[in-house]
Amino acid sequence: MILGIDATNIRTGGGLTHLVQFLEHADPARSGFLQVVIWASPDTLAALPCRDWLRKESTSVTKFTALSHFVWQTLLVSKAARSHGVSVLFIPGGTYVGGVRPAVVMCRNMLPFDWNELSRYRISRTTARLILLRFLHSRSFRRADGVVFLSRYAKSTVEAALKGPPRLSTIVPHGLSEDFKLKPRKHNPLEHYSWANPMRVVYVSVIDTYKHQWNVATAVAALRQRGMPLSLDLVGPAYPPSMRRLSSVMRRLDPEQNWLRYWGKADQDEILNYYHQADIGVFASSCENLPNIVLELMGAALPIASSNRGPMPEVLGAGAEYFDPEETQSIEVALQRLVASSKRRSSLSRRNARAAANYAWDRAAHDTLEFLAVVAVQGRRT
């Protein structure tokens, strides 16, 4: 069998990370695939590993816009797949409007399927884009011969929106790079810290409407007013309207930036350094599929204060203090439990380090390939 991968709409971010790690750890022969053919932009192809079984194909479309991607999938990918004898086409980007069968898509984005979260963007281009994505993803999932979900939460949410399950589906969580795995560290009691040497809280994520960084900052400020020496580091790119809201809150809470700091977008080495220096990790998102940041916090053996929404309880289990991300007092209470007890922090640190071992890229690659092989065989019989 031959596996085709249409990665033409994958260029940066989590999608590219998944694709690189999937191919780095894949052993297609174990699942019956003699060759993997992938179509992507030149920049994406350059980022992928070189393997004897991997054939990288540039497309006739050099710059993918929404229109050119539509043309590629509806008119060109079928011919390309036939010319290589593709047995099944995998579309990790999640949107597929082509005619190659059998085809498997991956569900990556939950925002289009959550009307409450979508409404936060009000009347805007972002709202229009998300509504269009909801239509395209829904159509793709209904027409696909198989869908790969990242979490049970994502599967149940999407199936409810589709009013029924896809033809075939599986749940394959992402893996976690070994670079992010640290040994549990010693956690000092609150008395060890001071205003000059505060306990460091880190929140790594894009600044966006559903990430609630301003609520986390307000909760940390309240704990400081109660005599707890804390600092908060915010790391990640920013959605401009949300960044304006966060900047306003930062100016009000800490105009001198003594304890509340936004560091902007960071590369992997910089993010690792923030995890090394942190005492507590926070994740306050209210809409996720399977957040890589949570896996990274687990791998870094950090005690975590987490949102109680979406898949976070599914992933973290008993490894976090949970809160309602839209209630600053709830965030404050969860953080206080961690800040006040070094024993609790140490316990969660050890637990999360153990749990992180369940998220391995070789397992994710193998399980994905096994599912693709099942769909390919069923498609051949059909």
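Refer to the structure printed above.
Residues numbered from 1 in each chain as written. Predicted model: local features only at pLDDT ≥ 70, side-chain atom pairs only at ≥ 80, totals over all residues. Heavy atoms only, no water.

Visitor: It is not clear to me how the sheet that holds strand 11 (residues 280-283) should be interpreted in this structure. Could you clarify?
Guide: As summarised here, the arrangement of the 6 strands in space is 10-9-8-11-12-13, forming an open sheet in which the pairing is parallel. Looking at the sheet topology across the chains shown, the edges are occupied by strand 10 (260-262) and strand 13 (320-323). Across the sheet, the axes of successive neighbouring strands diverge by a mean angle of 20 degrees, strand direction being ignored. Sheet analysis places strand 11 next to strand 12 (residues 304-307), joined by 3 bridges and oriented parallel. Residue phenylalanine 283 lies in a different strand from strand 12, and its bridge partner there is serine 306. On the sheet, helix 7 (residues 213-225) packs against strand 8 (199-204), strand 9 (230-235), strand 10 and strand 11 and is oriented at approximately 170 degrees with respect to strand 9. Set on the sheet, helix 12 (residues 328-340) makes contact with strand 8, strand 9, strand 11, strand 12 and strand 13; between it and strand 13 the angle comes to about 165 degrees. (Pairing = 2+ DSSP bridges. Helix = DSSP H or I, 4+ residues; strand = E, 2+ residues; numbered from the N terminus. Axes fitted to C-alpha atoms, helices over the stretch in contact; angles between N-to-C directions. Contact = heavy atoms within 4.5 Å.)

Visitor: How do you make sense of the pairing of strand 3 (residues 54-57) when you look at a structure like this?
Guide: Remark: a regular strand shows side chains that alternate across the two faces of the sheet. The pairing of strand 2 (residues 35-39) with strand 3 spans 4 bridges and is classified as parallel. The residue bridging valine 36 from the neighbouring strand is leucine 54, located in strand 3.

Visitor: Which parts of the structure should I look at to understand a nonpolar patch on the surface?
Guide: A contiguous nonpolar surface patch, about 340 Å² in accessible area, is contributed by Phe70, Val71, Leu75 and Leu76. Locating phenylalanine 70 in the fold gives a position in helix 3 (residues 66-83). Exposure remark for phenylalanine 70: the relative accessible area of 44% places this residue in the partly exposed category. (Patch = residues over 30% accessible without salt bridge, like charges linked within 9 Å, V, L, I, M, F, W, Y side chains within 5 Å. Areas by Shrake-Rupley, 256 points an atom, 1.4 Å probe, with all protein chains shown as cover. Salt bridge = Lys/Arg side-chain N within 4 Å of Asp/Glu carboxyl O. Buried < 20%, exposed > 50% of the residue type's maximum accessible area, 1.4 Å probe, protein only.)

Honestly, it's all geometry; don't read function into it.
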